[in-house]
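Now for the letters of each chain:
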2 protein chains.
Amino acid sequence: MQFHLNGFEPGDPEIADPARRYAPSGSSDSVPTEADVLIVGCGPAGLTLASQLSSFPDIKTIIVEQKGGPLRLGQADGIACRTMEMFEAFGFSERVMKEACWINETTFWKPDDKQREHIVRSGRVQDVEDGLSEFPHVVLNQARVHDFYLDVMRKSPSRLEPYYARRLLDLSIDETAPGDNAYPYQVTARLERVDAEHEGQHETIKARYVVGCDGARSVVRKSIGRALHGDSANHAWGVMDVLAVTDFPDVRFKSLIQSAKDGSIIIIPREGGYLFRIYVELDKLGAGERVSNRNITSDHLIAAARRILKPHTLDVKEVAWWSVYEIGQRLCDKFDDVPAEDSARLPRVFIAGDACHTHSPKAGQGMNVSMQDGFNLGWKLAAVLRGRAAPHVLHTYSAERQAVAKELIDFDREWAEVLGSSKGFDPAETQRYFVQHGRYTAGTATRYRDASILIGAPAHQHLAEGLTIGMRFHSAPVIRLSDAKPVHLGHVVKADGRFRIFAFAGAGDPAASGSGIGGLCEFLSNDAQSPIRRYTAAGENIDAVIEVLAVFQQGHRELDINAMPPLLLPPKGRYGLRDYEKMFCADPRNDIFALRGIDRARGCMVIVRPDQFVAHVLPLDGHAELAAFFDGFMMAS
Amino acid sequence: MQFHLNGFEPGDPEIADPARRYAPSGSSDSVPTEADVLIVGCGPAGLTLASQLSSFPDIKTIIVEQKGGPLRLGQADGIACRTMEMFEAFGFSERVMKEACWINETTFWKPDDKQREHIVRSGRVQDVEDGLSEFPHVVLNQARVHDFYLDVMRKSPSRLEPYYARRLLDLSIDETAPGDNAYPYQVTARLERVDAEHEGQHETIKARYVVGCDGARSVVRKSIGRALHGDSANHAWGVMDVLAVTDFPDVRFKSLIQSAKDGSIIIIPREGGYLFRIYVELDKLGAGERVSNRNITSDHLIAAARRILKPHTLDVKEVAWWSVYEIGQRLCDKFDDVPAEDSARLPRVFIAGDACHTHSPKAGQGMNVSMQDGFNLGWKLAAVLRGRAAPHVLHTYSAERQAVAKELIDFDREWAEVLGSSKGFDPAETQRYFVQHGRYTAGTATRYRDASILIGAPAHQHLAEGLTIGMRFHSAPVIRLSDAKPVHLGHVVKADGRFRIFAFAGAGDPAASGSGIGGLCEFLSNDAQSPIRRYTAAGENIDAVIEVLAVFQQGHRELDINAMPPLLLPPKGRYGLRDYEKMFCADPRNDIFALRGIDRARGCMVIVRPDQFVAHVLPLDGHAELAAFFDGFMMAS
């Protein structure tokens, strides 16, 4: 898709008339006075969380935002492969694939040894290594990511819309409130309306849970007495989205450019084919110094970019958006309100995204990590609120995400040092580092390392070497048995709050009596210890809580679906219609057993969480371990 | 995507609330009194045509429909690969890919030799041969195809909406009207409103052109004195979309099932994973006999299907839609109002879709051919109305589409005979036929065989053996030079009314002086005979009428975009921004030069029409022939 040729226009580029490019967004009502979950902030973390919760109409969610309406311009733009995988779960990956700019290669430029005031290309690398993800690394205006989430919310059973122009004044927690089902609201939030029509009016919401997705200056964070720790000084950055004419040949690649004396810039090509972003690294600020005091304008940024790009020209025709900002690598100790000295107390307030971790823009991580925060927390809150999981599951949010954020900040700091050292970065070293850390920037290196109620011990990891416990389920192509459709197995995992058991068959006929798959299905269908039997309520579909899926080694023409365990062709719904989408076969051209290192003799089962992370790998006959895993946190209905 | 589990619900399945699954469609205004093009009928042909015209805000298009609103249910469902290629040009292929059911294999069932009253599987074939198209064969409720077109129209610069509840009474042509730009309206259409509020009110539209997309009983066809010719008797069919439980194992494959004594059915799996369609072939009707006189109900159809499926069960839970209808293989002699005896007279009225050709449903062709009619006519009407092409271009619509429809009817009749002979079809023969004719049913066999002003003579066809003149441009993967993005070359061809010249480079450095590409770009940029210079108006972008694209044999890292002819990196728009999407490189893993038989030594140019058909293949230095081709029908601006 090509757009923005005659000037930047925000909104949906498929709509010809710029004035009509927005779906209406925002509720015009007063906020309700009670909520199961109050989300403060309509950024990437808040909208991911809201989208997740919106699919459960039995949960009362409110999302408020200080701005007067949806984001239109600027801010982040990088969308990692891992984030695309999550967008697939939310049902809009194909829209992003179509509209975004794909980052296929990254190029590196350094001073020309023969003529130091000129830059030359020193290297180029494929941006994402082959096989790392089925999705590309793309860039797209953050505002459009918001739009897609708002669309998910609008179409959901809850028809959730944000309440804009609400500033959070403060939160209070009433420890004496019962906190039971009769009166569950222990947190009180006071809001002030900031639109002209209602300016200064106050509103009060009583909530079971409050999630602060309210950015680096988070009021929620302050209200629970937490602070960001880390760099004492900030880095200053200039960033601008421009429509410009240049003879710099790599303007449609991500390019890291270091000049001899004038500093460095990063060029990021953008959606629509014409727009691109330039990051200009400014000096490190002294403690307490504010970049706003320097009176930097977009003209300064353009002039810096022109100096650095020499001998190439840069003729900026329009600056669609620009900003100068300061940011440090900072992190909270915990992402909830549970004090270290009383760690068993259940959390009621959480923080996510920039409210609890901030990053250099260089690795393009901030927005992506924030959305994964929301995805991690969303299903857990839903499971607890719907009575499916015990509330202590909520402790895992801070435990998992704080550790991951710390790892990332460490990586990020290292990366920023490589790129931004005062001597100028060494391009060869940068390139090596870039290649080595591609998995980090793709978001696929995230790993919940500590065993917990949601992360099993790796005793049987060898049965599926390529599906690491604690990491995201790495999809691979398969062929659906019922209709021979080529599909990606991981795309079965939608953002619907369900756990999944992927049963990979061992050697032999899966329909034969005594097969591992048959035994597992028999256990799950009939045994009193079966988590499906224990945790699925009467009247619910058999796959409503835990979905069982099987992957066979045979080709789809070699198997008879009618000979398979009934659990894999389950009757569902008011009519008892059969669900034909539970069984898959290896694709001989791209064999999932080989790609993911699955034991062909024994097979295995892989338990996948609602956020697409591998919770456990077990032998097919590990029925007791399977039951024990779910018994560790689930609640009988 | 899975949906319809608890009952069929029409509309967009991504919207949770069935009551909100429709975008508003239909204008509530009175129809305007004058139009450049009046389209009668909101079926597949009419909506394709309307979508094409809607992208030109300078064309006044009116589309009217007798029904009271958008289609919700039933009718056709097959979407051929070729149709998906066209949907890509209209910008919604990814929505269909996501929502539709993919037909990956077709299976054949026949009476069991050992037990004749039971059926057994006699064969299975991959539905679409490898490499035939980059798109799959899919099925989706026709109503959803309409929705996607209505969405294109709504988002277009024209913001086109149909006028519903209008019945065409008659058309009259005033031969004495000037027919010039001062008063171009020679056709008068009288409409009757059929909604309760306006019942019986008449409206009159004066139009330059009228297109009858008003189905097999077309009033437009009758008004120009044309008739469908062909079968004297109709075939009767029953069709039903059901939610049902069955142990027939191939219910998620397209299945052609012949019983020993009870006739035959076709099963077509449908979108959402639960619904499927059953076609039941009824007897051939006698001349003048109407199927409606037989009092057939859906219960009759279910009973027939149950008999034929034995020993398999069929327990129908809900019939979402059903119909009994009669259809013959019929065809008009011409698809416009130009009499054979005065063939130079310019056409003013056209007919498209079922109005001029009807088909057996067995090959799943009707809807697909109708849409291609609309696509063929749309760009020609736009080019004439916008003063880009001479009006005699309009003669090619009937010439091209009538010949194609005739070829298809012949194929269709043969197919129907194979399947529906009174002795029952021979499954082995059917399967052979099916494989052999896969290209027909995929829609990729369509060929405009006769050389014309729009179809060049094949003197240089050997330069690109796999891109046949008169057939659709067969896409292949390439790598974009500017950003290394893997793309499908054919997807460059959007439904925007533009011609394209694909210049495939010969051996050697394309940037070297004297290269074929360089010479062609030099000619196109600077020569007085250049069609780009002649037919692009002052102030228009250089690619507004004819877009030039180049494909190189080298890898993208071996070429310097700045060394390429300026025409391939053209400045555009108010800012003179460079368009980086004109140059491509062969993908070494899927080399387009090998895949499409392109002469590696000489290269070639391939002229592609706005409807994605190859108009001509010429040597890179065939500058005079290139100019002559466009001079044959284009008008200097």
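Note on numbering: residues in each chain are counted from 1, in written sequence order. As they are written, the chains are lettered A onward and the ligands numbered 1 onward, keeping that order. Given that this is a predicted model, residues contribute local features only at a pLDDT of at least 70 and side-chain atom pairs are listed and counted only at 80 or more, while totals for whole chains, interfaces and linings are drawn from all residues. Hydrogen atoms and water are omitted, and side-chain values are computed over all heavy atoms in the structure.

Quick notes on unusual backbone geometry
All names here are of chain A. Condition: Only DSSP runs of H or I reaching four residues or more are called helices, and only runs of E reaching two or more are called strands; each is numbered from the N terminus.
The omega torsion across Lys 310 and Pro 311 is 10°, close enough to zero to call that bond cis. Phi at Ala 484 takes a positive value of approximately 60°, unusual for a residue other than glycine. One can find Ala 484 in the loop between strand E20 (477-480) and strand E21 (486-488).

A look at the relation of the copies chain B and chain A
Where we set the bar: All copies are superposed by least squares; the fitting set is the C-alpha atoms of residues with a pLDDT of at least 70 in both. We call two residues contacting when some pair of their heavy atoms lies within 4.5 Å.
Relative to chain A, chain B is turned by 180° and slid 0.0 Å along the rotation axis, the superposed coordinates differing by an RMSD of 0.0 Å. Within this description, the copies of the chain are treated as partners about a two-fold rotation axis. Ranked by how close their C-alpha atoms come to the rotation axis, the residues of chain B are headed by Glu 94 of chain B, at 3.4 Å. When the interface residues of chain B are mapped onto chain A, 98% of them again lie at the interface, so the same face is used by both copies.

Here's the deal with the pairing of strand E13 (residues 254-258) of chain B
Residues and elements named next belong to chain B. For the record, the criterion: Relative accessibility decides the category of a residue: with a 1.4 Å probe and only protein chains considered, values under 20% of the type maximum give buried, values over 50% give exposed, and everything between is partly exposed. Between any two strands, pairing holds if DSSP finds at least two bridges.
Taken across its 5 residues, E13 has 5 buried, putting it largely inside the fold. Direction of pairing for strand E5 (residues 105-111) relative to E13: parallel, over a ladder of 4 bridges. By the bridge assignment for E13, Thr 107 is matched with Ser 255. Connecting the antiparallel pair E13 and strand E14 (residues 264-269) is a turn made up of 5 residues, with Gly 263 showing a positive phi of about 90°.

Notes on the sheet that holds strand E3 (residues 78-79) of chain B
All names here are of chain B. Pairing within the open sheet is antiparallel, and its 3 strands lie in the order E3-E7-E4. Of all the strands in the sheet, just E3 and strand E4 (101-102) have a single pairing partner and so form its edges. When E4 meets strand E7 (residues 138-139), the two strands line up antiparallel, connected through 2 bridges. Its bridge partner being in E7, Trp 102 is matched across the sheet by Val 138.

Remarks on the packing of helix H11 (residues 516-526) of chain A against helix H14 (residues 623-631) of chain A
All names here are of chain A. We apply this condition: Inter-axis angles, ranging from 0 to 180 degrees, are taken between N-to-C directions of lines fitted to C-alpha atoms, where helices are fitted over the stretch in contact. Just so you know how the angles are binned, under 35 degrees is roughly parallel, over 145 roughly antiparallel, 65 to 115 roughly perpendicular, and the rest oblique. Take the far helix as your reference; a near helix turned counterclockwise from it by less than a right angle gives a left-handed crossing, and one turned clockwise gives a right-handed crossing. In this classification, Asp, Glu, Lys and Arg are treated as charged, Ala, Val, Leu, Ile, Met, Phe, Trp, Tyr, Cys and Pro as nonpolar, and every other residue, Gly included, as polar.
Viewed as axis vectors pointing N to C, H11 and H14 meet at an angle of 45°, and their least axial separation amounts to 11 Å. Between H11 and H14, the interaxial angle falls into the category oblique. Taken as a pair, H11 and H14 cross one another with a handedness that is right-handed. Residues Gly 519, Leu 520, Phe 523 and Leu 524 of H11 form the contact with H14, whose own contacting residues are His 623, Leu 626 and Ala 627. For the contact of H11 with H14, the class distribution of residues is 5 nonpolar, 2 polar and no charged.

Some thoughts on the packing of aromatic side chains
The criterion, for reference: What counts as a ring pair is set by centres within 6.5 Å for rings of Phe, Tyr and Trp (its six-membered ring), and what kind of pair is set by the plane angle: stacked under 30 degrees, edge-to-face over 60, tilted for all other angles. Criterion for a charge above a ring: Arg CZ or Lys NZ at most 6 Å from the ring centre, at most 35 degrees from the ring normal.
Taken as a whole and assessed by the stated rule, the structure comprises 44 aromatic pairs over all chains. Seen in terms of ring centroids, Phe 629 of chain A and Phe 633 of chain A are 5.4 Å apart; in terms of plane orientation they differ by 75°. Their pairing is edge-to-face. Residue Phe 633 of chain A is classed as buried on the basis of its relative accessible area, which comes to 2%. For Arg 124 of chain B, the ring lying beneath its charged end belongs to Phe 253 of chain B, and the centroid distance is 5.2 Å.

Thoughts on the interface of chain B and chain A
Where we set the bar: Buried area counts how much accessible surface, traced with a 1.4 Å probe, disappears from two parts once they are put together, with both parts' losses summed. Salt bridges are defined by distance alone: a side-chain nitrogen of Lys or Arg within 4 Å of a carboxyl oxygen of Asp or Glu. Within 3.5 Å is the distance limit for a polar contact, defined as a pair of N or O atoms, with the added protein rule that one can donate a hydrogen and the other accept it, and that residues adjacent in sequence qualify only through two side-chain atoms.
Taken together, the contact pairs 63 residues of chain B with 62 residues of chain A. With both chains or domains summed, chain B and chain A bury close to 5,400 Å², and 50% of this area falls on carbon and sulfur atoms. For the pair chain B and chain A, the interface holds 8 salt bridges. In this structure, the salt-bridge partner of Arg 557 of chain B is Glu 105 of chain A, at a minimum N-O distance of 2.9 Å. Here chain B and chain A share 28 residue pairs in polar contact (both at pLDDT 80 or more) between them. The biggest single contributor to the side of chain B that touches chain A is strand E12 (residues 235-246) of chain B, with 4 residues. Among the residues making up the side of chain B that touches chain A, the classes are represented as 22 nonpolar, 16 polar and 25 charged.

Section: the confidence of the model for chain A
Selection rule: A score between 0 and 100, pLDDT records how confident the predictor is in each residue.
Mean pLDDT for chain A: 93, with 96% of residues reaching 70 or above. Per the prediction output, this complex has pTM 0.96; the corresponding ipTM is 0.95.

Remarks on the pairing of strand E2 (residues 61-64) of chain A
All names here are of chain A. What you see with E2 is no split at all: Thr 61 and Ile 63 on one side and Ile 62 and Val 64 on the other are buried throughout. Bridge count between strand E1 (residues 34-40) and E2: 4 bridges; the pairing is parallel. Note on E2: the bridge partner recorded for Val 40 is Val 64.

Quick notes on H14 of chain A
Residues and elements named next belong to chain A. Keep this limit in mind: Directions are taken from the helix axis to each C-beta atom, and the arc is the one they span.
Along H14, the residues classified as buried are His 623, Leu 626, Ala 627, Phe 629 and Phe 630. One face of H14 carries all of its buried residues, which in axial projection span an arc of 155°. If you follow the buried residues of H14, they end up packed against strand E22 (499-504), H11, helix H12 (531-535), strand E23 (546-552), strand E27 (604-608) and strand E28 (614-618).

A few points about helix H6 (residues 298-309) of chain A
Residue and element names in this part refer to chain A. Using the following cut-off: Multiply 1.5 Å by the residue count of a helix minus one, and that product is the helix's expected span.
If you check H6, its first and last C-alpha atoms are 16 Å apart, about what 12 residues at 1.5 Å a residue would give, namely 16 Å. Listed in full, the buried residues belonging to H6 are Ser 298, Leu 301, Ile 302, Ala 304, Ala 305, Ile 308 and Leu 309. In an axial view of H6, the angular spread of the buried residues amounts to 160°, which keeps them on one side of the axis.

Brief notes about the side chain of Asp 241 of chain A
Residues and elements named next belong to chain A. Among the structural elements, Asp 241 can be located in strand E12 (residues 235-246). The class for Asp 241 is buried, based on a relative accessible area of 2%. Reaching out from Asp 241, the side chain makes a polar contact with the side chain of Arg 270 at a distance of 3.2 Å. Not counting the four nearest positions on each side in its chain, Asp 241 is found in contact with Gly 74, Arg 270, Leu 275, Phe 276, Arg 277, Glu 318, Val 319, Ala 320 and Trp 321.

Things to note about the environment of Ile 39 of chain B
Residue and element names in this part refer to chain B. Residue position: Ile 39 is located in strand E1 (residues 34-40). Remark: the alpha-carbon pair of Ile 39 and Val 210, spanning 171 residues in sequence, is separated by 5.9 Å. Beyond its immediate chain neighbours, meaning those up to four positions away, Ile 39 contacts Gly 46, Leu 49, Ala 50, Leu 53, Thr 61, Ile 62, Ile 63, Val 64, Val 211 and Cys 213.

So, the sheet that holds strand E20 (residues 477-480) of chain B
All names here are of chain B. Pairing is mixed in the open sheet, where 7 strands are placed in the order E21-E20-E26-E23-E22-E27-E28. Only two strands of the sheet have a single partner each, and these edge strands are strand E21 (486-488) and strand E28 (614-618). Neighbour-to-neighbour, the strand axes of the sheet open up by a mean angle of 30°, direction not taken into account. The pairing of E20 with strand E26 (residues 583-586) spans 3 bridges and is classified as antiparallel. Residue pairing in the sheet places Arg 480 in a bridge with Phe 584 of E26.

Section: the packing of helix H2 (residues 81-90) of chain B against helix H7 (residues 366-385) of chain B
All names here are of chain B. It is the contact of H2 with H7, at a shortest axis distance of 10 Å, that shows an interaxial angle of 40°. Taken together, the axes of H2 and H7 are oblique relative to one another. Crossing of H2 against H7: the hand is left-handed. Residues Arg 82, Thr 83, Met 86, Phe 87, Ala 89 and Phe 90 of H2 lie in contact with H7, whose contacting residues are Asn 368, Met 371, Gln 372 and Phe 375. Tallied by class, the residues present in the contact of H2 with H7 amount to 6 nonpolar, 3 polar and 1 charged.

A look at the pattern of salt bridges
As enumerated under the stated definition, the model contains 115 salt bridges over all chains in all. For Arg 166 of chain A, the salt bridge is made with Glu 203 of chain A, and the minimal N-O distance between the two is 2.8 Å. On the criterion of sequence distance, the pair formed by Arg 166 of chain A in strand E8 (residues 166-173) and Glu 203 of chain A in strand E10 (residues 202-212) is long-range, its members being 37 residues apart. Where Lys 380 of chain B meets Glu 400 of chain B, a salt bridge forms, and the shortest distance between an N and an O atom there is 2.9 Å. Of this pair, Lys 380 of chain B sits in helix H7 while Glu 400 of chain B sits in helix H8 (residues 395-420), and the two are 20 residues apart along the sequence. For the pair shown, Lys 380 of chain B and Glu 400 of chain B are each scored as buried. Three or more residues joined by partner-sharing salt bridges are found here, namely Glu 14 and Lys 98 of chain A together with Glu 94, Arg 95, Asp 151, Arg 154, Lys 155 and Glu 161 of chain B.

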